[in-house]
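The chain contents come next:
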Amino acid sequence: MAEFNDDIDLCMDACLGYYGDPVLFLPKSGGSYELCGILDESVSVVDTSGEVPVETLMPVLSVKLSDFDALKIAHPKQDDVFIVKEKRYQVVRQPEDGWSESRIVLFCEGDADAS
């Protein structure tokens with residue numbers, strides 16, 4: 001599986017280089033870390049936790065998991081915070097395990113300097 005991860009990392013590097021924005025990662029456990037990510041502010045997300053699935057538009061951040069490994073920090077978890085494009089976003093739920101890329105569902109808390 002290592003070759004697959006390397007290939008995905010190469011693809012993500014190209015995408016992040018073109019579409020990516022600087023991201024500040026603020027884990028609930030403390031610290032702040034600079035990364036690169038791709039924010040899509042309006043993704044159709046389906047919540048299947050209830051009896052009836054509910055579809056909602058939410059922001060989603062794509063990040064390269066090896067960036068967290070290189071910084072020797074834990075992968076994002078529920079309640080961690082990202083600051084992207086001068087807005088503060090909280091991780092809504094525990095991200096699913098990914099191989100190389102993670103698409104993290106967020107909630108926009110508003111302007112970053114307002115908190």
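In case you missed it, the structure is sitting above this.
Residues numbered from 1 in each chain as written. Predicted model: local features only at pLDDT ≥ 70, side-chain atom pairs only at ≥ 80, totals over all residues. Heavy atoms only, no water.

Engineer: Would you take a moment to explain the overall build of the protein for this structure?
Structural biologist: From N to C terminus, the protein includes two helices and six strands. The linear arrangement of helices and strands in the protein, starting from the amino end, is α-β-β-β-α-β-β-β. Compactness check: the protein gives a C-alpha radius of gyration of 14 Å against a globular reference of 13 Å for 115 residues, within 12% of the reference. Considering only C-alpha atoms, the protein reaches an extent of 40 × 35 × 30 Å along its principal axes. Across the 115 residues of the protein, 30% fall into the buried class. Counting contacts in the protein only where the partners sit at least 6 residues apart, residues at least 24 apart contribute 47% of the total. Counting every atom, the protein has about 7,300 Å² of accessible surface; 51% of that belongs to carbon and sulfur. Measuring between centres, the 9 positive side-chain charges of the protein sit 5 Å from its 23 negative side-chain charges. (Helix = DSSP H or I, 4+ residues; strand = E, 2+ residues; numbered from the N terminus. Rg over C-alpha atoms; globule rule 2.2 N^0.38 Å. Buried < 20%, exposed > 50% of the residue type's maximum accessible area, 1.4 Å probe, protein only. Contact = heavy atoms within 4.5 Å. Areas by Shrake-Rupley, 256 points an atom, 1.4 Å probe, with all protein chains shown as cover. Lys, Arg positive; Asp, Glu negative; His and termini not counted. Charge placed at Lys NZ, Arg CZ, Asp CG, Glu CD.)

Engineer: How do you make sense of the sheet that holds strand β2 (residues 33-47) when you look at a structure like this?
Structural biologist: Working definition: the strands of a sheet are paired by backbone hydrogen bonds and lie parallel or antiparallel to each other. Read around the closed barrel, the six strands follow the order β1-β2-β3-β6-β5-β4; overall the barrel is antiparallel. Each strand axis lies, on average, 45° off the axis of its neighbour in the sheet, ignoring direction. In this structure, strand β1 (residues 21-26) lies alongside strand β4 (residues 81-84), joined through four bridges in antiparallel fashion. Across the sheet, Val23 pairs through a bridge with Val84, a residue of β4. Across the sheet, helix α1 (residues 2-19) touches β1, β2, β3 (54-64) and β6 (101-111), and the angle it forms with β3 is around 100°. (Pairing = 2+ DSSP bridges. Axes fitted to C-alpha atoms, helices over the stretch in contact; angles between N-to-C directions.)

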